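Listed below are the residues making up each chain.
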Amino acid sequence: MLYFSDSYKSVAAQLPGLLRDAAQAVAYYDSGDEHRQALLARAEALRLASTYLTQVRQ
């Protein structure tokens, strides 16, 4: 994982797309197990974003 290898520039470059894709997955899968998995993926993406922003003091 890029975050744990201190590749913060790479994380910063990939976060917007990751967050966008996770949000699109939640919108696309509107029910069932796929929706639950999309919600979990979005939560993990948001957690990564918050951890990254805390690390870089933003």
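Structure: see above.
Basis of the calculations
Residues numbered from 1 in each chain as written. Predicted model: local features only at pLDDT ≥ 70, side-chain atom pairs only at ≥ 80, totals over all residues. Heavy atoms only, no water. Helix = DSSP H or I, 4+ residues; strand = E, 2+ residues; numbered from the N terminus. Buried < 20%, exposed > 50% of the residue type's maximum accessible area, 1.4 Å probe, protein only. Contact = heavy atoms within 4.5 Å. Polar contact = N/O pair within 3.5 Å; in protein donor to acceptor, adjacent residues only side chain to side chain. Axes fitted to C-alpha atoms, helices over the stretch in contact; angles between N-to-C directions. Parallel < 35°, antiparallel > 145°, perpendicular 65-115°, else oblique. Left-handed = near helix turned anticlockwise from the far one by under 90°. Nonpolar A, V, L, I, M, F, W, Y, C, P; charged D, E, K, R; others polar. Salt bridge = Lys/Arg side-chain N within 4 Å of Asp/Glu carboxyl O.

A. Structural context of the overall build of the chain. For the chain, the helix and strand inventory stands at two helices and zero strands. The buried share of the chain, reckoned over its 58 residues, is 19%. Taking all contacts inside the chain whose residues are at least 6 apart in sequence as the whole, residues at least 24 apart take part in 55%.

B. Just the environment of Asp 33, in detail. Within the secondary structure layout, Asp 33 lies in helix 2 (residues 32-55). Here Asp 33 falls in the partly exposed class, since its relative accessible area comes to 46%. One polar contact links Asp 33 to Arg 36, side chain to side chain, over a distance of 3.1 Å.

C. Fine view of the packing of helix 1 (residues 8-28) against helix 2. Two numbers describe how helix 1 lies on helix 2: the axes approach to 9 Å, and their chain directions differ by 155°. Relative to helix 2, the element helix 1 is oriented roughly antiparallel. At the point where helix 1 passes helix 2, the crossing takes the left-handed sense. Of helix 2, the residues touching helix 1 (which contributes Tyr 8, Val 11, Ala 12, Leu 15, Leu 18, Leu 19, Ala 22, Ala 23, Ala 25 and Val 26) are His 35, Ala 38, Leu 39, Ala 41, Arg 42, Ala 45, Leu 46, Leu 48, Ala 49, Tyr 52 and Gln 55. By residue class, the composition of the contact of helix 1 with helix 2 is 18 nonpolar, two polar and one charged.

D. Quick look at the pattern of salt bridges. A full pass over the atoms with the stated rule returns three salt bridges. Residue Asp 33 is joined to Arg 36 by a salt bridge in which the shortest nitrogen-to-oxygen separation is 3.1 Å. Remark: Arg 36 and Asp 33 occur in helix 2; sequence separation between them is three residues, near one turn of the helix. Between Arg 47 and Glu 44 there is a salt bridge, with the nearest N and O atoms lying 2.5 Å from each other.

E. Layout of the environment of Arg 36. Taking the relative accessible area as the measure of exposure, Arg 36 reaches 45% and is therefore partly exposed. Separated by ten residues in the primary sequence, Arg 36 and Val 26 place their C-alpha atoms 8.3 Å from one another.

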